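# Structural overview for review
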Amino acid sequence: MELRTKKSSSLTIKLTTWLLLLIATLSVQSAHATWRRIPTESKPDITSIKYQSLSCRAHVSSLSEFGGVGDGTTLNTNAFRSAVDHLSQYGSTGGGMLYVPAGKWLTGPFNLTSHFTLFLHKDAVLLGTQDVNQWPLMDPLPSYGRGRDKPGGRYSSLIGGSNLTDVVITGNNGTIDGQGASWWQKFHKNQLKYTRGYLIELLYSDQILISNLTLVNSPAWNIHPVYSSNIVVSSITILAPVNSPNTDGINPDSCSHVRIEDCYVVSGDDCVAIKSGWDEYGISYGMPSQHIAIRRLTCVSPTSAVIALGSEMSGGIQDVRAEDITAINSESGVRIKTAPGRGAYVKGIYVRGMNLNTMKWAFWMTGNYKSHPDDKYDPNAMPEVTGISYSNVVATEVKIAARLEGIPNDAFTGICISNVTIGLAPKSKKQLWTCTDVEGVSSDVSPAPCGPLSGAHQGPCPFPTEPLPVDSIEFKQCSYEVNG
């Protein structure tokens with residue numbers, strides 16, 4: 001009896017101890033659950049985005065909703081096309097925005113629609129496919145008559161569109177990567193049958209904003225608005241190897257009312273090139289590039305110009321205003337390129353406030369540019385080049401001050417250069433100024449300019465004081481919350 005009582009008492013103590021430990025454990029787990037509670041249904045990630053735009057959109061979709069996969073290998077062309085097609089229905093009810101989340105989105109060319117915004121997350125990368133067969137062919141531009149690289153048609157651009165109104169391509173500094181190395185290699189080996197496509201090309205369009213993006217490794221030109229108006233290109237970074245072929249930065253082509261501002265370009269060709277058609281095709285089409293402002297541009301282009309006018313200028317170029325321009329290790333500051341056969345004009349070109357560092361030429365004008373689309377051009381179609389003003393220029397490490405070559409019996413006239421100081425490189429050329437078939441004036445220029453520009457001029461060279469219409473474009477502050 002005594003032995004049974006002891007065993008019973010011992011068992012009771014063990015049970016009591018076990019129950020106390022269990023209660024203590026449950027209490028601790030309950031306390032932890034108070035701050036570690038996991039919801040039964042996880043909410044999707046919400047990303048808040050804000051940006052300035054011409055218009056804020058009423059309808060927003062993410063590329064992921066259309067089957068997009070941002071793994072860098074899945075081809076997303078159909079996802080982009082489906083998304084744009086879906087959002088196009090909202091053009092009359094507030095417009096649509098396509099949001100591209102973080103990821104690497106491989107795609108072939110696709111077109112945009114009106115009243116539309118393409119927005120790239122800061123960690124989104126659009127990758128142009130390297131499969132040439134995925135790039136559809138399109139007709140040559142009527143003002144060119146053929147492709148720029150080859151006769152005949154040309155490959156589509158990665159992001160395109162035609163006859164659009166109110167189009168925005170922007171982001172939080174997301175990236176569009178053309179993966180151009182394979183295109184450059186094929187170009188050099190003459191393995192392409194058609195002209196290379198560009199990263200962005202919009203035709204016959206109005207009210208365009210391209211902003212806050214990084215563009216890298218385009219197959220050829222980066223941004224090419226053509227036959228379009230009311231265009232703003234702002235806060236764009238463009239990067240390409242300096243030996244890459246024809247990777248021009250921003251090329252307005254037969255466009256009016258253009259504003260290019262706060263851009264940084266490293267290029268294998270001209271950082272900005274203003275164009276308007278090629279020889280007889282451009283003359284026939286007859287659409288100039290005009291009323292263009294370029295401000296706060298920084299350029300690196302060892303083999304080309306910071307700002308080029310031409311060489312395809314057969315529709316005319318006029319009223320171009322450039323100021324606050326910085327060049328580093330570039331071939332020339334501003335270059336005018338034309339030739340007999342181009343016809344038309346380059347006039348009313350105003351440049352002030354250039355800081356040029358390590359240059360071959362500070363100024364360059366070429367009247368004998370040899371490139372022609374075919375042998376049908378009229379060699380008697382002479383271009384008029386007049387009213388060219390350069391003021392407030394400081395240059396260092398320059399090999400040759402200027403090479404200004406007009407056309408015999410068709411001199412470039414009305415050239416004005418004032419308040420210019422050119423510091424020479426240790427191995428600069430003995431002949432600092434080359435001037436043939438040009439006429440103009442100068443003041444406060446060092447080293448002293450050539451005889452055809454030695455006419456006296458008082459004060460700064462002309463620069464228009466009235467604002468351009470494109471300067472009146474105002475942006476709205478847009479904000480959204482999107483999935484992803």
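We now turn to the structure provided with this report. (Residues numbered from 1 in each chain as written. Predicted model: local features only at pLDDT ≥ 70, side-chain atom pairs only at ≥ 80, totals over all residues. Heavy atoms only, no water.)

### Details of the overall build of the protein chain
Summing up its helical and strand segments, the protein chain has 4 helices and 29 strands in all. For 484 residues, the compact-globule estimate of 2.2 N^0.38 gives 23 Å, and the C-alpha radius of gyration of the protein chain, at 30 Å, exceeds that figure by more than 25%. Out of the 484 residues in the protein chain, the part that is buried amounts to 54%. The contacts of the protein chain with a sequence gap of at least 6 include a subset with a gap of at least 24, amounting to 79%. Within the structure as shown, the protein chain displays about 20800 Å² of accessible surface, and the carbon and sulfur contribution to it stands at 51%. If you average the places of the 39 positive and of the 41 negative side-chain charges in the protein chain, the two averages end up 12 Å apart. (Helix = DSSP H or I, 4+ residues; strand = E, 2+ residues; numbered from the N terminus. Rg over C-alpha atoms; globule rule 2.2 N^0.38 Å. Buried < 20%, exposed > 50% of the residue type's maximum accessible area, 1.4 Å probe, protein only. Contact = heavy atoms within 4.5 Å. Areas by Shrake-Rupley, 256 points an atom, 1.4 Å probe, with all protein chains shown as cover. Lys, Arg positive; Asp, Glu negative; His and termini not counted. Charge placed at Lys NZ, Arg CZ, Asp CG, Glu CD.)

### Things to note about the nonpolar core
One recurring pattern in soluble globular proteins is that nonpolar side chains are buried together. In terms of nonpolar packing, the biggest core is built from 95 residues, with Ile159, Ile176, Ile294, Phe363 and Trp433 touching the most fellow members. The residues contacting Trp433, other than those within four sequence positions of it, are Ala401, Ala402, Ile417, Val445, Pro447, Ala448, Pro449, Cys450 and Leu453. (Core = buried A, V, L, I, M, F, W, Y, C linked by side-chain atoms within 4.5 Å.)

### Here's the deal with helix α3 (residues 181–188)
Considered for burial, the residues of α3 that qualify are Ser182, Trp183 and Trp184. Tucked inside the fold, the buried residues of α3 contact β10 (154–155).

### Considering a positive patch on the surface
There is a patch of like positive charges on the surface, built from Lys360, Lys399, Lys427 and Lys429. In this fold, Lys429 is placed in the loop between β25 (412–424) and β26 (433–436). (Patch = residues over 30% accessible without salt bridge, like charges linked within 9 Å, V, L, I, M, F, W, Y side chains within 5 Å. Salt bridge = Lys/Arg side-chain N within 4 Å of Asp/Glu carboxyl O.)

### Looking at the pairing of β26
Here β26 shows one buried face, formed by Trp433 and Cys435, and one open face, formed by Thr434 and Thr436. Inspection of the sheet shows strand β24 (residues 384–405) paired to β26 by 4 bridges, in the parallel sense. Bridge pairing in β26 links Ala402 to Trp433. (Pairing = 2+ DSSP bridges.)

### Regarding the side chain of Arg335
Looking at the secondary structure, you find Arg335 in strand β22 (residues 317–337). Glu331 provides the closest opposite charge to the buried, unpaired Arg335, separated from it by 4.7 Å. Only 3.1 Å separates the side chain of Arg335 from the side chain of Thr366, close enough to count as a polar contact. Excluding anything up to four places from it in sequence, Arg335 contacts Ala305, Ile307, Ala308, Leu309, Trp364, Thr366 and Tyr369. (Polar contact = N/O pair within 3.5 Å; in protein donor to acceptor, adjacent residues only side chain to side chain.)

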